[in-house]
Amino acid sequence: MGFLDLFVAALMPVLKTLIVTAIGLLLAIERVNLLGPVARHHLNNLVFYVFTPALVASNLADTVTSSSILSLWFMPVNILLTFIIGSALGWILVKITRTPKHLHGLVIGCCSAGNLGNLLLIIIPAVCDETNSPFGDSSTCTTNGDAYASLSMAIGAVYIWIYVYNIIRASASKRNEESIDVIDSIAPGEITDSWTEPLVTKGSRRSEDFEAAESPRTGSEDKVPFFKKIQQHMKNFSEKINLKMLLAPSTIATIVGLLVGVITPIRKLIIGDDAPLRVLESSATLVGEATIPSMTLIVGANLLKGLKRSGIGLWVIIGVNVVRYIAMPLCGILVVKGARHFGLVGSDALYQFVLLLQYALPSAMTIGTITQLFEVGESECSVIMLWNYAVASLFLTLWTAYYMWLVS
């Protein structure tokens, strides 16, 4: 495959994303006002509860089988490593740039969570369809590539909604606490309508906290049983982490999709042109196709606020791009080559290519949905995403070309 062909294949999905983002921005301006705050809130709920689960479940059920799932065991580990390495680099970034506390979760999330599904579902088939592709037969490459991309998207969605959701939630709760402190210091007559209620509960001070603050400590508190202390710590942990997100719609959809794809009798009932219940799979696919454009429109609509006023610094934006397009891809080479050396990854060139590419992708657009749900860092997220995907048109293309040369 020539460099120009490779450049076009990698550039097209990024340009599509930027164009749809621009459409979302136009729909959010005051003269049009089709994607105002209320509309974005409802669209976010549709993405979270309907579109994303349908996309994850339909793709997994269609592409993952009982024979392929065993050979892909390293992919969840690899994606977990992308989150761990990205989080460590993001934590260093927020410390160096002194990012405001309520944006820590956003910056760390942008550094750790890549676009593990949407872009792969576009890039892999495009690369496979090229006549000079190093991955062999086009149809076989596309089938295997869809399975890899679908599993990547499903696992990434689970990690994002369990991990990134909670770190942004924790950052939002910090901002909420600061807002409460400010309100407490303002006279009642000075509070105006500018104090609005968030779309999603960010966690507020419980009545017990105020009672504990007002009541003096007594000596009996030192005699609390050990198991009571453990119970209290577990309760505080569950409140901060929000364990309910372990059963988020995307997580349930991942389980359902894997069960349908892996269990042969169920697969024969639902998947295939001759399946009796094939209408279920086709309906889920139809609904799931709305996920990617909806997420991208939301990011573009949020960008309007970022263009007017954004609290994100220039060095933070530069730092996120350095992490996503320089540090992470280099770490990915070490991880995948190390796994190949120790026999953890087979000789399939396409599989290795997908594992490497997971380290070089731009930030996940789901982060924009999460910030919209919590009303924290919406404009800052949009500005980061704008530059992240603009830079991706160059760096993603270059890393794609290098990775293909590396595994061929």
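Rules behind the numbers
Residues numbered from 1 in each chain as written. Predicted model: local features only at pLDDT ≥ 70, side-chain atom pairs only at ≥ 80, totals over all residues. Heavy atoms only, no water. Helix = DSSP H or I, 4+ residues; strand = E, 2+ residues; numbered from the N terminus. Buried < 20%, exposed > 50% of the residue type's maximum accessible area, 1.4 Å probe, protein only. Contact = heavy atoms within 4.5 Å. Areas by Shrake-Rupley, 256 points an atom, 1.4 Å probe, with all protein chains shown as cover. Patch = residues over 30% accessible without salt bridge, like charges linked within 9 Å, V, L, I, M, F, W, Y side chains within 5 Å. Salt bridge = Lys/Arg side-chain N within 4 Å of Asp/Glu carboxyl O. Phe/Tyr/Trp six-rings, centres within 6.5 Å; stacked < 30°, edge-to-face > 60°. Disulfide = S-S within 2.5 Å. pLDDT = per-residue confidence, 0-100. Core = buried A, V, L, I, M, F, W, Y, C linked by side-chain atoms within 4.5 Å. Axes fitted to C-alpha atoms, helices over the stretch in contact; angles between N-to-C directions. Parallel < 35°, antiparallel > 145°, perpendicular 65-115°, else oblique. Left-handed = near helix turned anticlockwise from the far one by under 90°. Expected span 1.5 Å × (residues − 1). Bend = angle between axes of the 7 residues up to and from the residue.

## Comments concerning the overall build of the chain
Next, step 1: Counting its secondary structure elements, the chain contains 17 helices and 0 strands.
Next, step 2: Taken over 408 residues, the chain has a buried fraction of 48%.
Next, step 3: Intrachain contacts of the chain at a sequence separation of at least 6 include 85% that bridge at least 24 residues.
Next, step 4: Element-wise, carbon and sulfur atoms account for 65% of the exposed surface of the chain, whose accessible area totals about 20100 Å².

## What about a nonpolar patch on the surface?
Next, step 1: There is a patch of nonpolar side chains on the surface, built from Leu 314, Trp 315, Ile 318, Val 322, Ile 326 and Leu 330 and spanning about 600 Å² of accessible area.
Next, step 2: With respect to the helices and strands, the residue Ile 318 is situated in helix α14 (residues 314-341).
Next, step 3: Look at Ile 318 and you get partly exposed, because its relative accessible area is 35%.

## Section: the packing of aromatic side chains
Next, step 1: Scanning the model with the defined rule gives 14 aromatic pairs in all.
Next, step 2: Consider the rings of Phe 135 and Phe 353, whose centres lie 5.2 Å apart with planes at 40°: the pair is tilted. Residue Phe 135 is located in the loop between α6 (118-128) and α7 (138-184), and its partner Phe 353 is located in helix α15 (residues 349-357); the two are separated by 218 residues in the primary sequence. Side by side, Phe 135 and Phe 353 carry an identical accessibility label, which is buried.
Next, step 3: Among the aromatic side chains, those forming a connected cluster through ring pairs are Phe 48, Tyr 49, Trp 161, Tyr 165 and Phe 374.

## Remarks on the state of the cysteines
Next, step 1: In this structure the tally under the stated criterion is 1 disulfide.
Next, step 2: What pairs with Cys 128 in a disulfide is Cys 141, and their sulfur atoms sit 1.9 Å apart. The S-S bond linking Cys 128 to Cys 141 shows a torsion near -60°; that makes this disulfide left-handed. Linking Cys 128 in helix α6 with Cys 141 in helix α7, this pair joins segments that are 13 residues apart in sequence.
Next, step 3: Look at Cys 128 and you get buried, because its relative accessible area is 0%.
Next, step 4: Take Cys 110: it sits in no disulfide, and the sulfur closest to it among the cysteines is that of Cys 381, at 5.1 Å.
Next, step 5: We note that Cys 111 lacks a disulfide partner, and the nearest cysteine sulfur, in Cys 110, lies 7.0 Å from it.

## Digging into the side chain of Thr 296
Next, step 1: Along the chain, Thr 296 falls in helix α13 (residues 291-308).
Next, step 2: Thr 296 gets classed as buried once you look at its relative accessible area, which sits at 4%.

## Thoughts on the confidence of the model for the chain
Next, step 1: Mean pLDDT for the chain: 78, with 78% of residues reaching 70 or above.
Next, step 2: Here residues 181-185 is modelled with pLDDT under 50, and outside its nearest four sequence neighbours on either side it reaches 5 contacts, counting other chains as well.
Next, step 3: Contacts of residues 189-221 to residues separated by more than four positions or lying in other chains number 36 contacts, the stretch itself having pLDDT below 50.

## A closer look at the environment of Ile 271
Next, step 1: Along the chain, Ile 271 turns up in the loop between α11 (264-270) and α12 (278-288).
Next, step 2: Given a relative accessible area of 12%, Ile 271 falls into the buried group.
Next, step 3: Taking the C-alpha atoms as reference points, Ile 271 and Thr 63, separated by 208 residues in sequence, lie 9.6 Å from one another.
Next, step 4: Sequence-distant contacts of Ile 271, that is, excluding residues within four places in its chain, are made with Ala 61, Asp 62, Val 260 and Glu 281.

## Considering the nonpolar core
In a soluble, globular protein the nonpolar side chains are often hidden away together inside.
Next, step 1: Counting 98 residues, the largest nonpolar core has Phe 135, Phe 353, Leu 357 and Ile 367 as its most contacted members.
Next, step 2: Setting aside chain neighbours within four positions, we find Phe 353 in contact with Ile 124, Phe 135, Thr 400, Tyr 403, Met 404 and Val 407.

## Considerations on unusual backbone geometry
Next, step 1: Located in the positive-phi region is Asn 33, a residue other than glycine, with phi close to 55°.
Next, step 2: Considering the arrangement of structural elements, one finds Asn 33 in the loop between α1 (3-28) and α2 (37-63).
Next, step 3: One non-glycine residue, Arg 98, lies in the positive phi region at around 55°.
Next, step 4: Taking the relative accessible area as the measure of exposure, Arg 98 reaches 75% and is therefore exposed.

## Things to note about the packing of helix α16 (residues 366-374) against helix α17 (residues 378-407)
Next, step 1: Here α16 crosses α17 at 170°, and the two axes come no closer than 9 Å. In terms of orientation, α16 and α17 fall into the roughly antiparallel class. Considering the relative orientation of α16 and α17, their crossing is left-handed. Residues Ile 367, Gly 368, Thr 371 and Gln 372 of α16 pack against Glu 378, Cys 381 and Met 385 of α17.

## Concerning α14
Next, step 1: Its 28 residues place the ends of α14 40 Å apart at the C-alpha level, agreeing with the 40 Å of an ideal helix rising 1.5 Å per residue.
Next, step 2: A bend of about 35° at Val 323 is the largest found in α14.
Next, step 3: Positive phi shows up at Gly 343, right after α14, with a value of about 80°.

## Re the packing of α6 against α15
Next, step 1: Where α6 meets α15, the closest approach of the two axes is 12 Å, and the angle between their N-to-C directions is 145°. Here the hand of the crossing between α6 and α15 comes out right-handed. Where α6 approaches α15, its residues Leu 120, Ile 123 and Ile 124 are matched on the opposing element by Leu 350, Phe 353, Val 354 and Leu 357.

## Concerning the environment of Arg 340
Next, step 1: Note that Arg 340 resides in helix α14.
Next, step 2: Owing to a relative accessible area of 34%, Arg 340 belongs among the partly exposed residues under this scheme.
Next, step 3: Expressed as a C-alpha distance, the spacing of Arg 340 and Gln 352, which sit 12 residues apart in the sequence, is 8.5 Å.
Next, step 4: Not counting residues up to four positions away in its chain, the partners in contact with Arg 340 are Val 345, Gly 346, Ser 347 and Gln 352.

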